[in-house]
Amino acid sequence: MRIWSLHPRYLDRQGLTACWREALLAQAVLEGATRGYTRHPQLERFRESGRPLEAIGDYLAVVAAEAASRGYRFDDAKVHRRGATAPIEVTTGQLDLEWRHLRAKLAARSPEVAERWSAVVLPEQHPLFAVVDGPAASWERAMLPPGGATDAQD
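Worth saying up front: this structure is predicted, and the values here are computed from it rather than measured.

A. Representation of the environment of A55 within the structure. Residue placement: A55 occurs in helix 3 (residues 52-69). The sequence separation of A55 and R82 amounts to 27 residues, and the corresponding C-alpha distance is 7.0 Å. The contacts of A55, once residues within four sequence positions are left out, are F46, S49, T85, I88 and L128.

Take a look at the structure:
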């Protein structure tokens, strides 16, 4: 499961679709509607937000809006709750790690999208998150070498 801290504008078609599906799965987990993934580390930040269902709903709403801006039809009726949740902190180290991870994925499967974003050094975060200085999150499992290549599957 990869719930990107990066703004969904950077995702290619495959990444945006996967992000939508995985965030919907996260919503189901947080609602107690599924037995799988209940201890997935990426859900920690939503659980710690104080209003996890609203937070994942706000996250999904932005992904759906990005999809709509590209002419895709993601059913935003699947977003069960929304609410003006307080921003969730994301560290500069986490954004850097995710950016390197995404750039490696884009280079392999969507070179034209990778080229479009090649000049971006500091990507914008998903609007649910507020950036603070710090290392990658303690829940992060996709540790990348300094060069940016990854064997991770998300």
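B. Molecular detail of the nonpolar core. Counting 36 residues, the largest nonpolar core has W20, F46, I56, Y59 and L102 as its most contacted members. With residues up to four places along the chain from it excluded, the contact list for I56 reads I3, A23, A26, Q27, L30 and F46.

C. Quick look at the environment of V62. Among the structural elements, V62 can be located in helix 3. Distance from V62 to W20, taken between C-alpha atoms, is 9.9 Å for residues 42 residues apart in sequence. Leave out the neighbours within four places in its chain, and V62 touches P8, H126 and P127.

D. Representation of the pattern of salt bridges in the model. All chains considered together, the criterion is met by eight salt bridges. A salt bridge links R2 to E140, with the shortest nitrogen-to-oxygen separation between them at 2.9 Å. You can see R2 sitting in the segment before helix 1 (13-31) and its partner E140 sitting in the segment after strand 2 (129-132), a full 138 residues away along the chain. Of the two residues, R2 and E140, neither departs from the other in class, the shared state being buried. Its salt-bridge partner being E54, residue R51 comes within 3.8 Å of it at the nearest N-O pair. In the salt-bridge network here, residues are joined through shared partners; they are R2, E98 and E140.

E. Molecular detail of the layout of surface pockets. Empty space within the largest pocket amounts to approximately 220 Å³. Lining the largest pocket we find 13 residues, and of these R45, E48, E89, A137 and W139 sit closest to its centre. Mapped by element, the contributors of at least two residues to the lining of the largest pocket are helix 2 (44-47) and strand 1 (88-91). Tallying contributions element by element places strand 1 first for the lining of the largest pocket, with four residues. The residue makeup of the lining of the largest pocket, split by class, is five nonpolar, four polar and four charged.

Scoring rules and cut-offs
- Residues numbered from 1 in each chain as written.
- Predicted model: local features only at pLDDT ≥ 70, side-chain atom pairs only at ≥ 80, totals over all residues.
- Heavy atoms only, no water.
- Helix = DSSP H or I, 4+ residues; strand = E, 2+ residues; numbered from the N terminus.
- Contact = heavy atoms within 4.5 Å.
- Core = buried A, V, L, I, M, F, W, Y, C linked by side-chain atoms within 4.5 Å.
- Buried < 20%, exposed > 50% of the residue type's maximum accessible area, 1.4 Å probe, protein only.
- Salt bridge = Lys/Arg side-chain N within 4 Å of Asp/Glu carboxyl O.
- 1 Å grid on protein atoms, 1.4 Å probe; cavity = no way out; pocket = protein on both sides within 12 Å on 5 of 7 lines; lining within 4 Å.
- Points joined across faces, edges and corners; volume = space filled by probe spheres on them.
- Nonpolar A, V, L, I, M, F, W, Y, C, P; charged D, E, K, R; others polar.

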